[in-house]
Amino acid sequence: MADTLPLAYLPLFLHCTIGLVAARVAYGKGYDLGLWLLWGTLGGTVALVDALRRSPQLPPL
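What you are looking at is a predicted structure, and each value in this text was computed from that prediction instead of being measured. (Residues numbered from 1 in each chain as written. Predicted model: local features only at pLDDT ≥ 70, side-chain atom pairs only at ≥ 80, totals over all residues. Heavy atoms only, no water.)

Chemist: Can you break down the overall build of the protein chain residue by residue, with the values?
Modeler: Across its full length, the protein chain carries three helices and zero strands. Put simply, the protein chain runs from its N terminus to its C terminus through helices and strands in the order α-α-α. Within the protein chain, the fraction of its 61 residues that count as buried is 21%. Restricting to contacts in the protein chain with at least 6 residues of sequence separation, those with at least 24 account for 52%. Accessible surface for the protein chain amounts to roughly 4,800 Å². Of this, 73% is attributable to carbon and sulfur atoms. (Helix = DSSP H or I, 4+ residues; strand = E, 2+ residues; numbered from the N terminus. Buried < 20%, exposed > 50% of the residue type's maximum accessible area, 1.4 Å probe, protein only. Contact = heavy atoms within 4.5 Å. Areas by Shrake-Rupley, 256 points an atom, 1.4 Å probe, with all protein chains shown as cover.)

Written out as structure tokens, the structure is:
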């Protein structure tokens, strides 16, 4: 089992990297960075799809 443990790190790393990209996309559209860092870490690919589909927020008046 110790020989296959590093193989588990690659999907985990990719999941978190995709989540960080999702947080960056959402932050660029005007959404809260802290919330999206959490959602991106937990959601990964789902968070990225969500961030890409959202429309930009209007700044408060």
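So much for the structure itself; the text now carries on.
Chemist: Account for the packing of aromatic side chains, naming residues and giving values.
Modeler: Tallying each qualifying case throughout the model produces one aromatic pair. In this arrangement the basic side chain of Arg54 is found over the ring face of Tyr31, its NZ or CZ atom lying 5.2 Å from the centre. (Phe/Tyr/Trp six-rings, centres within 6.5 Å; stacked < 30°, edge-to-face > 60°. Lys NZ or Arg CZ within 6 Å of the ring centre and 35° of its normal.)

Chemist: A description of the packing of helix 2 (residues 33-43) against helix 3 (residues 45-53) should follow, citing residues and the corresponding values.
Modeler: As a packed pair, helix 2 and helix 3 sit with axes 6 Å apart at the nearest point and diverge in direction by 130°. The pairing of helix 2 with helix 3 is recorded here as oblique in orientation. The residues of helix 3 that touch helix 2, namely those facing Trp36, Trp39, Gly40 and Gly43, are Thr45, Val46, Ala47, Asp50 and Ala51. Residue composition of the contact of helix 2 with helix 3, by class: five nonpolar, three polar and one charged. (Axes fitted to C-alpha atoms, helices over the stretch in contact; angles between N-to-C directions. Parallel < 35°, antiparallel > 145°, perpendicular 65-115°, else oblique. Nonpolar A, V, L, I, M, F, W, Y, C, P; charged D, E, K, R; others polar.)

Chemist: I'd like to hear about the nonpolar core, residue by residue, with values.
Modeler: Ala22, Ala23, Ala26, Tyr31, Trp36, Ala47, Leu48 and Ala51 together form the largest nonpolar core, which totals eight residues. When contributions to this core are tallied by element, the ones reaching two or more residues are helix 1 (5-28) and helix 3. With residues up to four places along the chain from it excluded, the contact list for Ala47 reads Ala22, Trp36, Trp39 and Gly40. (Core = buried A, V, L, I, M, F, W, Y, C linked by side-chain atoms within 4.5 Å.)

Distances and angles like these do not, on their own, reveal function.
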